[in-house]
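Survey of secondary and tertiary structure
If you want the building blocks of each chain, they are given just below.
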Amino acid sequence: DTAVSQTPKYLVTQMGNDKSIKCEQNLGHDTMYWYKQDSKKFLKIMFSYNNKELIINETVPNRFSPKSPDKAHLNLHINSLELGDSAVYFCASSQGVIAEETQYFGPGTRLLVL
Amino acid sequence: GESVGLHLPTLSVQEGDNSIINCAYSNSASDYFIWYKQESGKGPQFIIDIRSNMDKRQGQRVTVLLNKTVKHLSLQIAATQPGDSAVYFCALAPGSSYKLIFGSGTRLLVRP
């Protein structure tokens, strides 16, 4: 009965490849997020969607493209992977769209680009 | 822009002692503050929050203190247990914002 799930948990790939990370939440939340956590544990918002509509789009390279097929899913596709993309990517969800809504995080996807 | 900083990157405490994790912020317009706990290999987990119209809020074994005058936030953990070992993040939301801004994290190590 995992609340926010991500696949895969680990992803090791070569530079230049294209990869996707999937996220699903079964909490009935309207808002979903993608965060990037670097090697120093710094956590930064990348995107958020509310009812499939893009709300937050931080200054992320356009090689990163989120897709929300429905409000329970938010996938992240990354084109032409670079070494600097290596990080842990967390999906999260919340009931509402404002920052004061408690966000529930998934277990993370550890991406290593070689 | 907003920034959030932590005073200590690593805090080591004896099991049973109280822990205090500190956080400083720069923008006085911030009106919502949260503490998250991240255990090794897991995602961040909400612990406790506080709004700017409060100075103190208590949960189970945790207390958050907000000092708006010096723009300082702290998390106090009573009777620290081995299960409290984790990285703790403060985060804030500027007024009417859609996004949280996270601090850099403090690692709490609990010595047996």
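Everything that follows concerns the structure shown earlier in this document.
Here's a quick rundown of the structure.

What counts as what
- Residues numbered from 1 in each chain as written.
- Chains lettered and ligands numbered in written order.
- Predicted model: local features only at pLDDT ≥ 70, side-chain atom pairs only at ≥ 80, totals over all residues.
- Heavy atoms only, no water.
- Helix = DSSP H or I, 4+ residues; strand = E, 2+ residues; numbered from the N terminus.
- Rg over C-alpha atoms; globule rule 2.2 N^0.38 Å.
- Buried < 20%, exposed > 50% of the residue type's maximum accessible area, 1.4 Å probe, protein only.
- Contact = heavy atoms within 4.5 Å.
- Areas by Shrake-Rupley, 256 points an atom, 1.4 Å probe, with all protein chains shown as cover.
- Lys, Arg positive; Asp, Glu negative; His and termini not counted.
- Charge placed at Lys NZ, Arg CZ, Asp CG, Glu CD.
- Core = buried A, V, L, I, M, F, W, Y, C linked by side-chain atoms within 4.5 Å.
- Pairing = 2+ DSSP bridges.
- Salt bridge = Lys/Arg side-chain N within 4 Å of Asp/Glu carboxyl O.

When helices and strands are counted, chain A shows 0 helices and 11 strands. Along chain A, from the amino end to the carboxyl end, the secondary structure elements read β-β-β-β-β-β-β-β-β-β-β. The C-alpha radius of gyration computed for chain A amounts to 13 Å, which stays within 12% of the reference 13 Å derived for 114 residues, consistent with globular compactness. Within chain A, the fraction of its 114 residues that count as buried is 46%. The contacts of chain A with a sequence gap of at least 6 include a subset with a gap of at least 24, amounting to 55%. In the form shown here, chain A has an accessible surface area of approximately 5,500 Å², with 51% of it arising from carbon and sulfur atoms. Placing the 12 positive and 12 negative side-chain charges of chain A at their respective mean positions leaves the two points 8 Å apart.

This part is about the environment of Leu 73 of chain B. Residues and elements named next belong to chain B. Tracing the chain through its elements places Leu 73 in strand β8 (residues 72-77). Remark: the alpha-carbon pair of Leu 73 and Ala 24, spanning 49 residues in sequence, is separated by 6.2 Å. Residue contacts for Leu 73: discarding those within four places in its chain leaves Ile 21, Asn 22, Cys 23, Phe 33, Trp 35, Ile 50, Val 64, Leu 65, Leu 66 and Cys 90.

Within the largest apolar cluster, 21 residues are counted, with the highest numbers of intra-cluster contacts made by Phe 33, Trp 35, Leu 73, Leu 75, Tyr 88 and Leu 108 of chain B. Among the secondary structure elements, those contributing two or more residues to this core are β2 (10-14), β3 (19-25), β4 (30-38), β5 (45-51), β7 (62-67), β8, β9 (86-94) and β11 (106-111) of chain B. In contact with Leu 75 of chain B, other than residues within four places in its own chain, are Ser 19, Ile 20, Ile 21, Trp 35, Ile 47, Ile 48, Val 62, Thr 63 and Tyr 88 of chain B. Counting 20 residues, the second-largest nonpolar core is a separate cluster that includes Leu 11, Met 32, Met 46 and Phe 47 of chain A.

A separate point is the pairing of β9 of chain B. Residues and elements named next belong to chain B. Among the 9 residues in β9, 8 count as buried, and that is most of the element. Pairing analysis gives 8 bridges linking β4 to β9, with the strands arranged antiparallel. Bridge pairing links Gln 38 to Val 87 in β9. Pairing analysis gives 3 bridges linking β9 to β11, with the strands arranged antiparallel. Its bridge partner being in β11, Ala 86 is matched across the sheet by Leu 108. The hairpin turn running from β9 into strand β10 (residues 101-102), its antiparallel successor, is 6 residues long, and Ser 96 in that turn takes a positive phi close to 55 degrees.

What follows is about the pattern of salt bridges. Applying the stated rule across the entire model yields 9 salt bridges over all chains. The closest approach of N and O atoms between Lys 44 of chain A and Glu 58 of chain A, which form a salt bridge, is 3.5 Å. A residue pair is termed long-range when its members are at least 10 positions apart, and Lys 44 of chain A in strand β5 (residues 43-50) and Glu 58 of chain A in the loop between β6 (53-57) and β7 (64-70) qualify at 14 residues. The buried category is assigned to Glu 58 of chain A, whose relative accessible area is 18%. We note a salt bridge from Lys 99 of chain B to Glu 58 of chain A, for which the minimum N-O separation is 2.9 Å. Of this pair, Lys 99 of chain B sits in the loop between β9 and β10 while Glu 58 of chain A sits in the loop between β6 and β7, placing the two residues on different chains.

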